[in-house]
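Secondary and tertiary structure notes
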Amino acid sequence: MENSFDIRLESLTQPPAPASAESTFAAAQPAADGPTFYLETFGCQMNEHDSEKVAGVLLSRGYQQVERPEAASLILYNTCSIREKAAQKVFSRLGVYRDMLGKDQKIGVLGCVAQQEGEEIFKRAPWVSLVCGSASYRNLPQLLAQVEAGGQRVTGLDNETDETFETQITRRDNPWRGYITIIEGCDKACTYCVVPYTRGPERSRDSARILAELRQLADFGYTEVQFLGQTVNSYRDPSPRKMRFSELLVAAAQIPGIRRVRFTTSHPSDFGRDIVEAMDANPVICNHIHLPVQSGSVRVLRAMRRTYSRGEYLEKIALIRAARRPIAVTTDIIVGFPSETETEFAETLSLLDEIRYSGMFAFKYSPRPNTPALSMPDAIPEEEKSHRLAILLERQRTIQLEDLHKLQNEIVEVHVDGKSKKPDQWYGHSSCNRVVNCTSASADLLGQYINVCVTGCTPNSLVGDHVLG
Ligand code: 5AD
Ligand code: SF4
């Protein structure tokens, strides 16, 4: 979840391996001498997938994707501002681009920092031609036309919309797991979070469009899909069909060729029994739920405006634990929210003990612009936040190791998505989204579903042997 310059830069400049001979990428190859773009992405899975759709828009306009910014006529920089000094990082990055920008090259800033800083970006970095937040991506074709016509300060900053970003082509980076955004924006108002401000109000896509996109993915050879949304389970079908989120999951699971359906991120307040029932009835829906709790303290949850108490969250966990098959639950936690006491932090630790999450993303609270928590008193010193974070990570590590040890000799189904440099070593994901490293003498397992017998573990992965037959 954390941003990393190096990883993103590398992964996004690699040419994607097609899902099949007839991938969207192959279908969209433009003439070699047309305009070119370079796209760099930071942030969450939603941002990564937005970039796949933005790339699709550019490909359909005749652009070709290149691997180095120097070779691009248009450089696009998709930014994230969820934590830390995002704007500062963007401006220093834009400085690097200014020094290398050729006469005919243009640069655009997309994503959360674009929305947050708006026209200020043109003031501080006048060499930028386009500033566009995610709620305006639907207007990208017109905005790009303006940039192509020599427009200097082209903006897409309109945030008040009920429209979603629909693309004819999506240039997918991941050949094994297809991502589909089903809901954009967020209507919750957590006091620490910039997302409602940077991504605009909640708007769901038509269920028929989502399912059509999924059928197309299956036709391209994808067997695994992940539905995306900041609060994915708050999905409300705008069409007369009025499909519930759980019904959408079931419909997706029934599409021929689809073997795994995932979804993230779920909001506890909108999590209902119907989702667990859908999972129970359809093993194609993966046994993993990412259900961020953020804190174990009732008072801190209220100050965060999370809309549930510790007890109510535990009731949702009880629903999940009552499922017919074991479902892995992962979470996000923020430590050092303003005025969080040591006792309140200890309540988060006790929640970890009580729930025993399969995985956790933990963050030090970071003050964000335009959020109510910014002006809350009693900030926690950085060293104290780091101290709490270290304690939390250590506690979770112990829990994970203990629980993973119990899986010794179990058989797990793995969707293989990579080959290690070591001979006969492969890796992939289990249905519960655990990374599994395995040994197999098979010649090519990429994209296949195999059974693996667990022989060992690390805190974050399982190790095992391919079971033939
Ligand atoms: N400070 C620290 N963590 C944050 N998150 C969101 N906003 C902040 C912030 N201001 C974390 C939450 C969320 C995850 C995506 O990022 O845990 O679930
Ligand atoms: Fe941010 Fe809260 Fe919305 Fe999640 S639910 S995106 S944390 S405001």
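Remember, it's a predicted structure, so these values are computed and weren't measured experimentally.

Attention shifts here to the site of ligand 2. If you check the shell around ligand 2, you find Cys186, Lys188, Cys190, Tyr192, Cys193, Val195, Pro196, Gln230, Thr231, His267 and Arg306 and nothing else. Classifying every residue of the shell around ligand 2 by side-chain character gives six nonpolar, three polar and two charged.

What follows covers the pairing of strand β16 (residues 425-430). Two elements, strand β15 (residues 411-419) and β16, share five bridges in a ladder whose sense is antiparallel. Counterpart to Lys419 in the pairing with β16 is Trp426. Between β15 and β16, which pair antiparallel in sequence order, lie five residues; one of them, Asp424, sits at a positive phi of approximately 65°. Remark: four residues form the turn of the hairpin made by β16 and strand β17 (residues 435-439), two consecutive strands paired antiparallel; Asn433 in that turn has positive phi of roughly 70°.

The immediate surroundings of ligand 1 are formed by Ile82, Arg83, Tyr192, Gln294, Asp332, Ile334, Phe363, Lys364, Tyr365, Ser366 and Arg368. Contact distances for ligand 1 include 3.0 Å between a nitrogen atom and a backbone N or O atom of Tyr192. Separating an oxygen atom of ligand 1 from a side-chain N or O atom of Gln294 is a distance of 2.7 Å. In isolation ligand 1 has 400 Å² of accessible area, and contact with the protein removes 90% of it. When its residues are assigned to classes, the shell around ligand 1 shows five nonpolar, two polar and four charged.

Take His267: it is sitting in the loop between β11 (260-264) and α11 (273-281). A residue is classified by how much of its surface remains accessible, and His267, at 4% relative accessible area, is buried. Polar contacts involving the side chain of His267 include one to the main-chain amide nitrogen of Ser269, which spans 3.0 Å. Apart from residues no more than four positions distant in its own chain, His267 is found in contact with Lys188, Thr231, Asn233, Leu291, Arg306, Thr307 and Tyr308.

Each pair of packed helices can be described by the angle between their axes along with the distance between the axes. Where helix α14 (residues 342-355) meets helix α15 (residues 382-405), the axes come as close as 10 Å, and the angle between the chain directions of the two elements is 15°. As judged from the angle between their axes, α14 and α15 are roughly parallel. Relative to α15, α14 is oriented so that their crossing is right-handed. Residues Glu342, Phe345, Thr348, Leu349, Leu352 and Asp353 of α14 lie in contact with α15, whose contacting residues are Glu384, Arg388, Ile391, Leu392, Arg395, Gln396 and Ile399.

To continue, consider the pairing of β17. Side chains on a regular strand alternate between the two faces of the sheet. Burial of β17 is one-sided: the residues Val436 and Cys438 facing one way are buried, the residues Val435, Asn437 and Thr439 facing the other way are not. Here five bridges tie β16 to β17, and the two strands are oriented antiparallel to one another. Bridging from a neighbouring strand, Trp426 pairs with Cys438 of β17. Where β17 lies against strand β19 (residues 461-467), five bridges are found, and the strand directions are parallel. What sits directly across from Val436, in β19, is Leu462.

With that settled, the discussion passes to the sheet that holds strand β7 (residues 177-181). Strand order in this open sheet of three strands is β7-β10-β11, and the pairing throughout is parallel. Two strands lie at the open edges of the sheet, namely β7 and β11, each paired on one side alone. Each strand of the sheet is rotated relative to its neighbour by a mean of 25°, with strand direction disregarded. In the sheet, β7 pairs with strand β10 (residues 224-228) via five bridges, with the strands oriented parallel. Residue pairing in the sheet places Ile180 in a bridge with Phe227 of β10. Helix-sheet contacts for helix α9 (residues 207-220) involve β7 and β10, and the interaxial angle to β7 is about 165°.

This brings us to unusual backbone geometry. Across the junction of Thr264 and Thr265, the peptide omega takes the value 5°, indicating a cis bond. Mapped onto the fold, Thr265 is located in the loop between β11 and α11. Despite not being glycine, Arg356 has its phi angle at roughly 55°, a positive value. With respect to the helices, strands and loops of the structure, Arg356 is situated in the loop between α14 and β14 (359-364). The backbone of Asn409 sits at a positive phi, close to 75°, despite the residue not being glycine.

Spatially, the five strands close up into a barrel ordered β15-β16-β17-β19-β18, and their pairing is mixed. Taken over all neighbouring pairs, the strand axes of this sheet differ in orientation by 50° on average, direction set aside. Across five bridges, β15 lies against strand β18 (residues 449-458) in antiparallel orientation. In the sheet register, Glu413 faces β18, and the bridge partner there is Asn451. Along the sheet, α15 makes contact with β18 and β19, crossing β18 at roughly 125°.

This part takes up the pattern of salt bridges. Tallied over the full model, the rule gives 33 salt bridges. A salt bridge links Arg244 to Asp274; the nearest nitrogen and oxygen atoms lie 3.2 Å apart. Remark: Asp274 occurs in helix α11 and Arg244 occurs in the loop between β10 and α10 (245-253); sequence separation between them is 30 residues.

Attention now goes to the side chain of Ser204. Within the secondary structure, Ser204 is located in strand β9 (residues 203-204). Note on Ser204: relative accessible area 13%, which makes it buried. A polar side-chain atom of Ser204 sits 3.0 Å from the main-chain amide nitrogen of Arg236. In contact with Ser204, not counting residues within four places along its chain, are Thr164, Ile182, Ile183, Tyr235, Arg236 and Pro238.

Further remarks concern α9. The terminal C-alpha atoms of α9 lie 20 Å apart, and with 14 residues this matches the ideal 20 Å at 1.5 Å per residue to within 8%. Its side-chain oxygen placed 2.8 Å from the backbone nitrogen of Ala208, Asp206 serves as the N-cap of α9. Directly beyond the C-terminal end of α9, a positive phi value near 110° is found at Gly221.

The rules behind the values
Counting of residues starts from 1 at the beginning of each chain's written sequence and follows it residue by residue. Chains carry letters from A onward and ligands carry numbers from 1 onward, assigned in written order. Per-residue local features are limited, in this predicted model, to residues with pLDDT of at least 70; the limit for side-chain atom pairs, both in listing and counting, is 80 or more; totals at the level of whole chains, interfaces and linings are taken over all residues. Note that water and hydrogens are dropped before the side-chain values are worked out from all heavy atoms of the structure. A molecule or strand has a residue near it when one of that residue's heavy atoms lies within 4 Å. Polarity classes work like this: nonpolar for Ala, Val, Leu, Ile, Met, Phe, Trp, Tyr, Cys and Pro, charged for Asp, Glu, Lys and Arg, and polar for all others, with Gly in that last group. Strand pairing is assigned whenever DSSP detects at least two bridges linking the two strands. To qualify as a helix, a DSSP run of H or I must reach at least 4 residues; to qualify as a strand, a run of E must reach at least 2; elements of each kind are numbered from the N terminus. Any pair of nitrogen or oxygen atoms within 3.5 Å is treated as a polar contact; in protein, a donor-acceptor pairing is required on top of that, and neighbouring residues in sequence qualify only through side-chain atoms on both sides. Values of accessible area rely on a 1.4 Å probe in the Shrake-Rupley scheme; residue burial ignores everything except the protein chains shown. Relative accessibility thresholds used throughout: buried, under 20% of the residue-type maximum; exposed, over 50%; partly exposed, between the two (1.4 Å probe, protein chains only). Residues count as neighbours in contact if any of their non-hydrogen atoms are within 4.5 Å of one another. Orientation is described by axes fitted as lines to C-alpha atoms, over the contacting stretch for helices, and by angles from 0 to 180 degrees between their N-to-C directions. Each angle is binned into one of four classes, with values under 35 degrees roughly parallel, values over 145 roughly antiparallel, values of 65 to 115 roughly perpendicular, and all other values oblique. Helix crossings get a hand from a simple test, with the near helix turned counterclockwise from the far one by less than a right angle marking a left-handed crossing and a clockwise turn marking a right-handed one. Any carboxyl oxygen of Asp or Glu that lies within 4 Å of a side-chain nitrogen of Lys or Arg is treated as forming a salt bridge with it. Here, expected helix span is obtained from the residue count minus one, scaled by 1.5 Å.

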